[in-house]
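An overview of the molecular structure
If you want the building blocks of each chain, they are given just below.
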Amino acid sequence: MPKIIQKEIISERLHKLRDKMKTGSIDMVILSNTDYHNSEYSSEYFKDREYFSGFTGSAGTLLVTKDNAYLFTDGRYFVQAELQLSNGEIKLMKSGTKDVPSISGFVSECAHKSDHVYRVAFDGRTVSASFGEKLSKTGNVEIEDTFYAGDYIWQSREKQTFNDIFSLDVKYTGEDTESKLNRIRKYMSDIGAGIHIVTSLDDISWILNLRGRDIAYTPLFFSYLIITDKKCTAYVNKSSLSDNAKISLKDKVEFAEYADFYKDIKSVVSGNDTVLADKNKINYSLFKILSDSGCKVVYRMNPSTKFKSIKNNTEIENLKKIHIEDGVCVAKLMFHLKRLAKNKETLTETDAAAFIDGLRSEISDYVELSFPTISAAGPNAAQMHYAADEENQSTLKEGEMLLVDSGGHYLRGTTDITRTFAYGECDEEMKKHFTLVLKGMLALSDAVFLKGCSGYSLDILAREPMWKEGIDYRSGTGHGVGYMTNVHEGPNAFRWRYIPGVSEYSELLPGMVTTDEPGIYLEGEYGIRIENELLCVNRESNEYGDFLEFETLTHAPIDLDLIDTELLSEREKELINNYHNDVFRELAPFMEGDDLNMLKKYTKAIK
């Protein structure tokens with residue numbers, strides 16, 4: 001069970017917020033957990049939505065009106081949100097389902113019903129430019145973008161914290177900052193932009209070859225970047241810069257104080273300038289500054305976003321090595337669980353998470369987890385992003401499955417892997433559904449496709465086995481993975497549904513790393529997910545064009561105890577056997593004793 005805050009506490013916080021709304025004649029307040037950089041994960045300082053709603057999922061937006069409150073979130077969090085909002089104070093809006101409008105559509109409906117100009121308030125620093133602009137163009141709506149709800153009500157709020165910033169050596173990055181800046185400047189020149197403003201932390205860290213510890217699970221640091229044809233200025237907390245960070249960028253980058261960015265940008269940009277910016281990444285406050293300056297703004301995806309999604313040879317070799325060591329951790333967790341089940345010993349969700357987290361921390365270049373480990377037993381696994389803790393967790397029961405979604409950030413790259421394990425003998429329906437998920441995962445990993453395809457072209461391969469059974473999962477099939485930046489990082493992804501402004505078409509290119517993670521989630525029963533990371537590689541070129549395929553980076557056994565071989569085709573058996581041959585070859589040198597025997601058992605060929 002996820003943590004649930006008492007209704008009285010949430011009611012009191014919303015009451016205080018509404019009192020503040022009255023003093024400013026505000027009709028609606030929009031709250032998120034987003035920081036000033038539109039990051040996926042946020043530090044505690046930015047968790048306004050969580051404070052006012054009690055919902056702890058990483059994706060969700062809270063809308064508070066004079067009389068009601070609504071939480072919009074996607075299919076990954078429906079089950080969790082229903083539990084955490086069960087006090088009835090806030091209504092759950094299941095985004096993407098029938099009869100549920102988009103947030104902007106909902107605001108428009110409210111404004112249309114109003115007998116006066118409808119005033120919508122938010123902190124413009126935590127709202128994307130594209131979303132804020134859409135709201136500003138909604139009929140009968142007036143925007144107040146300097147409403148800081150957390151500052152007004154959240155008395156115990158932590159301060160924004162800054163931590164050490166360190167350099168990532170070229171033996172890990174494969175390209176120095178000067179080369180990256182030259183590529184960006186060429187792109188700027190090609191489109192006629194003299195200034196490029198970057199606010200997304202993953203882009204900045206990649207460009208500068210620096211990493212930090214300002215946000216849990218993302219080795220990034222709070223910063224802004226301004227690039228011109230001759231100068232690159234990084235706005236950071238200067239006291240956080242390590243000596244090696246300063247030395248690595250000497251004569252390439254100037255450093256300024258993080259707090260001075262908004263003041264400086266107003267003097268840097270004038271009406272004569274052409275500025276390149278990403279509307280989906282800069283915030284609404286900066287968007288307004290640029291709009292008011294009179295400059296010409298070219299709104300396009302940051303060039304660094306595409307550049308960094310294509311891993312270079314150094315990064316690829318590092319990733320291949322770290323995925324083997326990371327896979328050893330997953331395999332050892334699996335064997336630990338199997339031994340406990342055999343001996344009728346118990347295992348809690350947090351024990352399983354602590355076990356694998358501890359193994360990862362012993363790897364030589366480990367930095368931190370790439371997200372909080374999801375360890376979900378039985379029906380809890382139906383929540384895609386379930387979070388257990390000591391007070392709210394389950395103990396595995398005979399015949400249940402344990403889903404573990406986990407990963408790490410290392411100097412050699414970032415990992416993300418999910419395995420679902422049987423704890424004792426599971427029933428036939430579980431095995432059937434596990435095998436359907438496996439079939440989907442294998443089909444996508446076995447794809448051969450022409451250059452020019454996007455994840456929208458291929459997503460159906462993973463879903464088809466489940467769609468034929470009338471089953472679906474409410475998420476994309478896979479996301480791009482950064483190199484020691486964000487574990488979820490575009491522009492590449494596997495999705496079947498196009499959502500303008502949220503998910504853009506992106507060509508799959510050699511060097512891109514994308515997860516392959518179909519699943520089945522039955523509320524109140526169980527959840528199944530199998531996830532590998534896929535590297536896009538060249539296959540062949542001929543008169544029809546360039547053909548591409550995938551190479552699997554992830555190496556860890558898939559639980560043979562859950563496979564119904566009668567449901568597998570000969571090709572699927574060949575694929576799983578070939579995969580397990582690779583797993584054994586790569587992991588065996590790290591195993592001994594019973595672990596090695598278990599590895600042999602769980603990578604044996606199926607017939």
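Before any of the text, the structure's been laid out above.
Read on for an overview of the structure. Predicted, not measured: the structure shown is a model, and the values here were computed from it.

1. Some remarks on the packing of aromatic side chains
Inspection of the entire model under this criterion finds 27 aromatic pairs. An aromatic cluster of three or more residues is present, and its members are Tyr 36, Tyr 45, Phe 46, Phe 162, Phe 222, Tyr 224, Tyr 235, Tyr 258, Phe 261 and Tyr 262. When the ring centre of Tyr 148 is taken as reference, the NZ or CZ atom of Arg 125 above it lies at 4.3 Å. Its end group placed over the ring of Tyr 473, Arg 463 keeps NZ or CZ at 4.0 Å from the ring centre.

2. Topic: the side chain of Lys 439
Position of Lys 439 relative to the elements: it lies in helix 16 (residues 428-445). Not counting residues up to four positions away in its chain, the partners in contact with Lys 439 are Pro 465, Leu 567, Leu 568 and Glu 572.

3. Here's the deal with the pairing of strand 14 (residues 296-299)
With four bridges joining them, strand 13 (residues 274-277) and strand 14 adopt parallel strand pairing. Looking across to strand 14, one finds that Ala 277 is bridged to Tyr 299. Handedness of the β-α-β unit built from strand 13, helix 12 (residues 284-293) and strand 14 comes out right-handed.

4. Quick word on the sheet that holds strand 16 (residues 374-377)
On the basis of which strands lie adjacent, the open sheet formed by three strands has the order 16-17-20 and antiparallel pairing. Strands with a single pairing partner mark the edges of an open sheet, and in this sheet they are strand 16 and strand 20 (417-423). Averaged over all neighbouring strand pairs, the angle between strand axes comes to 15°, with direction disregarded. Note that strand 16 and strand 17 (residues 400-406) share four bridges and pair antiparallel. Within the sheet, the bridge partner assigned to Ser 375 lies in strand 17 and is Val 404. Running at roughly 15° to strand 20, helix 14 (residues 313-342) makes contact with strand 17 and strand 20 of the sheet.

5. What to know about a nonpolar patch on the surface
Together, Ile 460, Trp 467 and Trp 496 give the surface a local cluster of nonpolar side chains, amounting to about 300 Å² of exposed area. Inspection of the secondary structure puts Trp 496 in the loop between strand 23 (493-494) and strand 24 (513-516).

6. Considerations on the sheet that holds strand 21 (residues 448-450)
Two strands in a sheet stick together by hydrogen bonds in their backbones, pointing the same way (parallel) or opposite ways (antiparallel). If you trace the four strands from one edge of the open sheet to the other, you get 21-28-27-24, paired in antiparallel fashion. At either margin of the open sheet sits one strand with a lone partner, and together these are strand 21 and strand 24. When the angles between neighbouring strand axes are averaged without regard to direction, this sheet yields 40°. Across eight bridges, the pairing between strand 27 (residues 532-542) and strand 28 (residues 545-552) is antiparallel. Opposite Val 537, over in strand 28, you have Glu 549 as the bridge partner.

Thresholds, definitions, all that
- Residues numbered from 1 in each chain as written.
- Predicted model: local features only at pLDDT ≥ 70, side-chain atom pairs only at ≥ 80, totals over all residues.
- Heavy atoms only, no water.
- Phe/Tyr/Trp six-rings, centres within 6.5 Å; stacked < 30°, edge-to-face > 60°.
- Lys NZ or Arg CZ within 6 Å of the ring centre and 35° of its normal.
- Helix = DSSP H or I, 4+ residues; strand = E, 2+ residues; numbered from the N terminus.
- Contact = heavy atoms within 4.5 Å.
- Pairing = 2+ DSSP bridges.
- Right-handed = clockwise from strand over helix to strand, strands pointing away.
- Axes fitted to C-alpha atoms, helices over the stretch in contact; angles between N-to-C directions.
- Patch = residues over 30% accessible without salt bridge, like charges linked within 9 Å, V, L, I, M, F, W, Y side chains within 5 Å.
- Areas by Shrake-Rupley, 256 points an atom, 1.4 Å probe, with all protein chains shown as cover.
- Salt bridge = Lys/Arg side-chain N within 4 Å of Asp/Glu carboxyl O.

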